[in-house]
Amino acid sequence: MTTFDDRASLADLTSTAERVRGSVERVIEGKPEVVRLSLVVLLAEGHLLIEDVPGVGKTMLAKTLARSIDCSVQRIQFTPDLLPSDITGVSIWDQQRREFEFKPGAIFAQIVIGDEINRASPKTQSALLESMEERQVTIDGETYPLPSPFMVVATQNPVEMEGTYPLPEAQRDRFMARVSVGYPSPEAELQMLDVHGSVSPLDDLQPVAHAHDIVKLIEAVRDVYVAEPVRRYVVDLVAATRNHPDLRLGASPRATLHLLRAVKASAALAGRDYVLPDDVQALAAPVLAHRLLPTAQAQLNRRTAEQVVADILQRTPVPNAAVRSQATAPRFQEQAYGEQSPGGRGY
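Reading the values: the criteria
Residues numbered from 1 in each chain as written. Predicted model: local features only at pLDDT ≥ 70, side-chain atom pairs only at ≥ 80, totals over all residues. Heavy atoms only, no water. Pairing = 2+ DSSP bridges. Helix = DSSP H or I, 4+ residues; strand = E, 2+ residues; numbered from the N terminus. Axes fitted to C-alpha atoms, helices over the stretch in contact; angles between N-to-C directions. Contact = heavy atoms within 4.5 Å. Core = buried A, V, L, I, M, F, W, Y, C linked by side-chain atoms within 4.5 Å. Buried < 20%, exposed > 50% of the residue type's maximum accessible area, 1.4 Å probe, protein only. Expected span 1.5 Å × (residues − 1). Phe/Tyr/Trp six-rings, centres within 6.5 Å; stacked < 30°, edge-to-face > 60°. Lys NZ or Arg CZ within 6 Å of the ring centre and 35° of its normal.

Asker: What should I look at first to understand the sheet that holds strand 1 (residues 48-51) in this one?
Answerer: Pairing between sheet strands relies on hydrogen bonds along the backbone, with the strands arranged either parallel or antiparallel. Read from one edge of the open sheet, five strands run 3-6-9-1-10, paired in parallel fashion. Unpaired on one side and paired on the other, strand 3 (73-77) and strand 10 (177-179) mark the two borders of the sheet. Strand-to-strand twist in this sheet, taken as the mean axis angle between neighbours without regard to direction, amounts to 20°. Both strand 3 and strand 6 (residues 111-115) contribute to a ladder of five bridges, which runs parallel. Across the sheet, Arg 75 pairs through a bridge with Ile 113, a residue of strand 6. Against the sheet, helix 2 (residues 32-43) contacts strand 1, strand 9 (151-156) and strand 10, and its axis sits at roughly 160° relative to strand 10.

Asker: I tried to follow unusual backbone geometry on my own but got confused; where do I start?
Answerer: Trans is the prevailing form of peptide bonds, just as negative phi is the prevailing case for residues other than glycine. Residue Pro 149 is bonded to the preceding Ser 148 through a cis peptide linkage, with omega at -5°. Inspection of the secondary structure assignment puts Pro 149 in the loop between strand 8 (142-145) and strand 9. The phi dihedral of Arg 98 falls on the positive side, at around 55°, and the residue is not glycine. Within the element layout of this structure, Arg 98 appears in the loop between strand 4 (89-94) and strand 5 (99-104). You will see that Glu 116, though not glycine, has its phi angle at about 55°, which is positive. Of note, Glu 116 is situated in the loop between strand 6 and helix 5 (122-125).

Asker: Got a minute to help me understand the side chain of Thr 295 in this structure?
Answerer: Secondary-structure assignment places Thr 295 in the loop between strand 13 (293-294) and helix 13 (296-300). In this structure Thr 295 touches Pro 245, Asp 246, Leu 247 and Arg 248, once residues within four positions along its chain are discounted.

Asker: Looking at this model, I keep getting lost on the nonpolar core. Mind explaining?
Answerer: Proteins that are soluble and globular tend to have nonpolar side chains buried together. Leu 48, Ile 50, Leu 259, Val 275, Val 280, Leu 283 and Leu 288 are the most contacted members of the largest nonpolar core, which has 73 residues in total. Once you skip the residues sitting within four places of it in the chain, Ile 50 turns out to touch Lys 58, Leu 61, Ala 62, Val 153, Ala 154, Thr 155, Gln 156, Val 179 and Val 181. With 23 residues, the next largest nonpolar core counts Phe 78, Ala 120, Ile 139 and Ala 154 among its residues.

Asker: Even after reading the chapter, I still don't get the pairing of strand 6, so can you show me in this structure?
Answerer: Residues in a regular strand point their side chains to alternate faces of the sheet. A large share of strand 6 lies buried, amounting to five of its five residues. Alternating positions in strand 6 separate into two faces, Ile 111, Ile 113 and Asp 115 on one and Val 112 and Gly 114 on the other, with burial throughout.

Asker: Is there a simple way to explain helix 10 (residues 228-243) in this structure?
Answerer: In an α-helix, one full turn covers 3.6 residues, which means residues spaced three or four apart are oriented alike. The end-to-end C-alpha distance of helix 10, which contains 16 residues, comes to 23 Å, matching closely the 22 Å that a straight helix rising 1.5 Å per residue would cover. Taken residue by residue, helix 10 has Pro 229, Val 230, Tyr 233, Val 234, Leu 237, Val 238 and Thr 241 as its buried positions. Its buried side turned inward, helix 10 meets strand 12 (247-249), helix 11 (253-269), helix 12 (277-288) and helix 14 (305-315).

Asker: Sorry if this is basic, but what is going on with the side chain of Ser 23 here?
Answerer: Turning to its location among the elements, Ser 23 is positioned in helix 1 (residues 7-27). In contact with Ser 23, not counting residues within four places along its chain, are Thr 64, Ser 68, Leu 205, Gln 206 and Val 208.

Asker: Would you mind going over the packing of aromatic side chains with me for this structure?
Answerer: Two descriptors summarise a pair of aromatic rings, namely the distance from one centre to the other and the angle between the planes of the rings. Inspection of every chain in the model, using the stated rule, returns three aromatic pairs. Ring geometry for Phe 102 versus Tyr 144: centroids 4.1 Å apart, planes at 10°, classification stacked. One end of the pair, Phe 102, is in strand 5; the other, Tyr 144, is in strand 8, with 42 residues separating them in the sequence. For Phe 102, a relative accessible area of 15% translates into the label buried. By relative accessible area, Tyr 144 is classed as partly exposed at 22%. Counting every residue linked through ring pairs, the aromatic cluster contains Phe 102, Phe 108 and Tyr 144. Positioned above the aromatic ring of Tyr 274 is the side chain of Arg 272, whose terminal nitrogen or guanidinium carbon lies 5.8 Å from the ring centre.

Laid out in structure tokens, this is it:
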């Protein structure tokens, strides 16, 4: 298994990640943070929910990320008449062999693009629950493993739009992060007219990494060091969502795991083999906000989940850490971790 003990290996893996990011940014102009978050979720073995109004490039982002990696890709167009078996597969009776034969569904791919996921019924959406959490599908008592790497990239319009179904809480909790693409800047939109005006940029897009490269990246991310005070900081942030007066549903223990994995991937993309509190603060809102349910009073006061997370970040003491790494292998020396003023950066 590739680890960060090999410094040349770390450089190679960082280079691979940069190639993928550069490939996506050729198509998605002016959104570097959105592209970076997508790559963080991929390397953290998570799933990405892209939520925004129509026409801002949600599906384009998903397709560009998929095409930048040489792996199997399936696209599912979620519609009200889509059945669960269309996603997971179905067992069909074979007359000649006189036995049931399993026909895999669209979920059996390394990257699955679920376009407008909230246009399907909750029953169909629930077909993704087992595959997203356990990376397997169970049909008629038989369990079929999914390939590695495996990532679901789902797009959806805001639930206020016509003809949509809100995602169940259990479904939203399985997405590691939610991102909004947003409208481009005038300069980026002008460049988009030049690049996208006559041909689709996806036509000339070639893979810049293989699936086994991504697997190596994922294995290396698992070895990123997280000091005990930083782990406690993650737990404190998540626990604060369960007691906040503006929330009727806080983040789950799964959210704690997802946040930890995401910050490790973020540190790896930054070329570090250890996590800083900055990584946690940068990813707290994308990882936690979509899981939170504001109270009725908070909704009346127009308090969003992102605002609540920002408030929790301000109120939760930040650890003060000194992390030392050497050239050949990481050596970590933890100093006394004292509480800083709320919202302060004490490292």
